[in-house]
Structures are given as C-alpha cells and as structure tokens.
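Read off the chains here:
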Amino acid sequence: AQSVAQPEDQVNVAEGNPLTVKCTYSVSGNPYLFWYVQYPNRGLQFLLKYITGDNLVKGSYGFEAEFNKSQTSFHLKKPSALVSDSALYFCAVRDLRGGGFKTIFGAGTRLFVKA
Amino acid sequence: SAVISQKPSRDICQRGTSLTIQCQVDSQVTMMFWYRQQPGQSLTLIATANQGSEATYESGFVIDKFPISRPNLTFSTLTVSNMSPEDSSIYLCSVDEGPMNTEAFFGQGTRLTVV
C-alpha cells in the first residue's frame, strides 16, 4: 500500500536559516509525490511534485524538494526561511490502486519560523 | 488550475441538526473528493463523488451520515447529518482530474462546530 510518513510534528527555525521538513514514502511501483501547504483557515495549496526526472524539484515560494530513491525520502527544503512560511505542511503520495485518483496525505508538520 | 468555492466557510450548529456544504468548481471535472480534517491534523478521505453515479465511501463513513450529491460536473454537496460534537471538524472539497502525475486542488474548507 502507498503511504507517506512525516516524522516531525513540528519544526522550528529562525528566519533566514535554511529549513527542512522531512518525508519518507512507501510505495509499490513508481512514486508520485507531492507537497502541500496549509495556512491558517485556508485550504491546501500545492507546492511541488516529483513524477520523474531530476531528483531536485523546484516549486512555489522558493521551496524545493529532493527525491532520494535509496532512502525513500522526499524532504522539503528552503534555503532561507521567512516568517510567512509558518504553516502546516503535508507530504502526499498518489494511491495507485483504482486508477490513481486518490491522494494519501501524511500526518502533517507544523513549521514555525521565528523572527 | 481549478478554482474551488466552498460554502459556508464556517458554521456553528446544534447537535441533532444537519448541515449541507456546497462545492462549486469553475470548470468541469470528473473526480471530486470530500475530506475531513481535525484542526491541525491530517486529511481523511470521506468519499469520492462522480457525476452520474453514487458516491464511493471510505471505510468508517456511511451514506446515511454523509449523503453526497453530484448533479453535474461542476458542483457537489456534502451533508453532515444528525450532527454530534464529534463531527466538529474542517470539511474540504477537492478536485482531481488525474492522471496520476497531476496535483489535486482544494477549496478553502468549511469549519464546522457542533454544540
């Protein structure tokens, strides 16, 4: 079965410092991996995705993610954090059963960026 | 990208009553999904709503409690029936056209409080 794990409930980082939000996956077949962000009282917004190709994927708001097949990881990164990046981040994977239309979400990681 | 409007954005309801949440998309889509999210928690899929057929419910969710309508390719409703405080949650509408390498899009959510 497809699944993703986000081992950290919360990540704290100072503004201007690099940030990493961790995600590991377990899939059968090719992984289709996504990162979403949720700001307070808002729906989820798509950040980036890995389908195939370069292991380093660039997305919205300066975020990037590195796909590592040997470590089955898809960590979200940003070189310099902003206070406005404080939000809830979800890693997600496509459920390939039944046509692959469902998305399975991790537990979420709350990012706090301190000024 | 699809633009999704959800109504109401929030509501406070008495236990034993029902609330219908509306989801309107600005383009025709095949697949629509309804999720539940406890504040600060991950998303749990309630059901998949396809136009012209009965919704497909996930384990733990039943039609009598969460009836869904999908009258056309741009609109769906989710009703939370006979509410109890345990139904207090955020309900999110999502659309996903597939294929597997595309991302899902979300409404801003409906924050429901049952008192």
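Residues numbered from 1 in each chain as written. Chains lettered and ligands numbered in written order. Predicted model: local features only at pLDDT ≥ 70, side-chain atom pairs only at ≥ 80, totals over all residues. Heavy atoms only, no water.

A. Geometry of the side chain of B:T79. Residue and element names in this part refer to chain B. Counting through the fold element by element, T79 comes out in strand β8 (residues 75-80). Here T79 falls in the buried class, since its relative accessible area comes to 15%. Separated by 2.8 Å, the side chains of T79 and T20 make a polar contact. If we ignore the near neighbours within four places in the chain, the residues touching T79 are S18, L19, T20, K65, F66 and P67. (Helix = DSSP H or I, 4+ residues; strand = E, 2+ residues; numbered from the N terminus. Buried < 20%, exposed > 50% of the residue type's maximum accessible area, 1.4 Å probe, protein only. Polar contact = N/O pair within 3.5 Å; in protein donor to acceptor, adjacent residues only side chain to side chain. Contact = heavy atoms within 4.5 Å.)

B. Examining the side chain of B:S88 more closely. All names here are of chain B. Relative to the elements of secondary structure, S88 occurs in the loop between β8 and β9 (89-96). From its side chain, S88 meets the backbone oxygen of P85 in a polar contact 3.0 Å long. Apart from residues no more than four positions distant in its own chain, S88 is found in contact with Q38, L112, T113 and V114.

C. Just the packing of aromatic side chains, in detail. Residues and elements named next belong to chain A. Counting across every chain of the model gives 14 aromatic pairs over all chains. Arranged with centres 5.5 Å apart and planes meeting at 50 degrees, the rings of F63 and Y89 form a pair that is tilted. Placement of F63 in the loop between β7 (56-58) and β8 (64-68) and of Y89 in strand β10 (residues 87-95) is noted, with a sequence separation of 26 residues between them. As far as the burial class goes, F63 and Y89 line up, both buried. (Phe/Tyr/Trp six-rings, centres within 6.5 Å; stacked < 30°, edge-to-face > 60°.)

D. Quick look at the environment of A:V11. All names here are of chain A. Here V11 shows up in strand β2 (residues 10-14). Sequence separation between V11 and I51 is 40 residues, and the spatial gap between their C-alpha atoms is 26 Å. With residues near it in sequence (within four places) discarded, V11 still touches T20, T109, R110, L111 and F112.

E. Main features of the pattern of salt bridges. Under the defined criterion, the tally for this structure stands at 7 salt bridges over all chains. The salt bridge involving A:K49 is made with B:E103; its shortest N-O contact spans 3.0 Å. Separated into two different chains, A:K49 in strand β6 (residues 44-50) and B:E103 in the loop between β9 and β10 (105-106) make up a pair that spans both. On the basis of relative accessible area, A:K49 is assigned to the partly exposed category, the value being 28%. (Salt bridge = Lys/Arg side-chain N within 4 Å of Asp/Glu carboxyl O.)

F. Seen up close, the interface of chain A and chain B. Each partner contributes residues to the interface: chain A has 24 residues there, and chain B has 26 residues. The tally of links between chain A and chain B comes to 3 salt bridges. The partner of B:D96 in a salt bridge is A:R94, and the shortest N-O contact between them spans 2.6 Å. Those elements that provide at least two residues to the side of chain A that touches chain B are β5 (33-38), β6, β10 and β11 (102-105) of chain A. The class makeup of the residues in the side of chain A that touches chain B is 12 nonpolar, 7 polar and 5 charged. (Nonpolar A, V, L, I, M, F, W, Y, C, P; charged D, E, K, R; others polar.)

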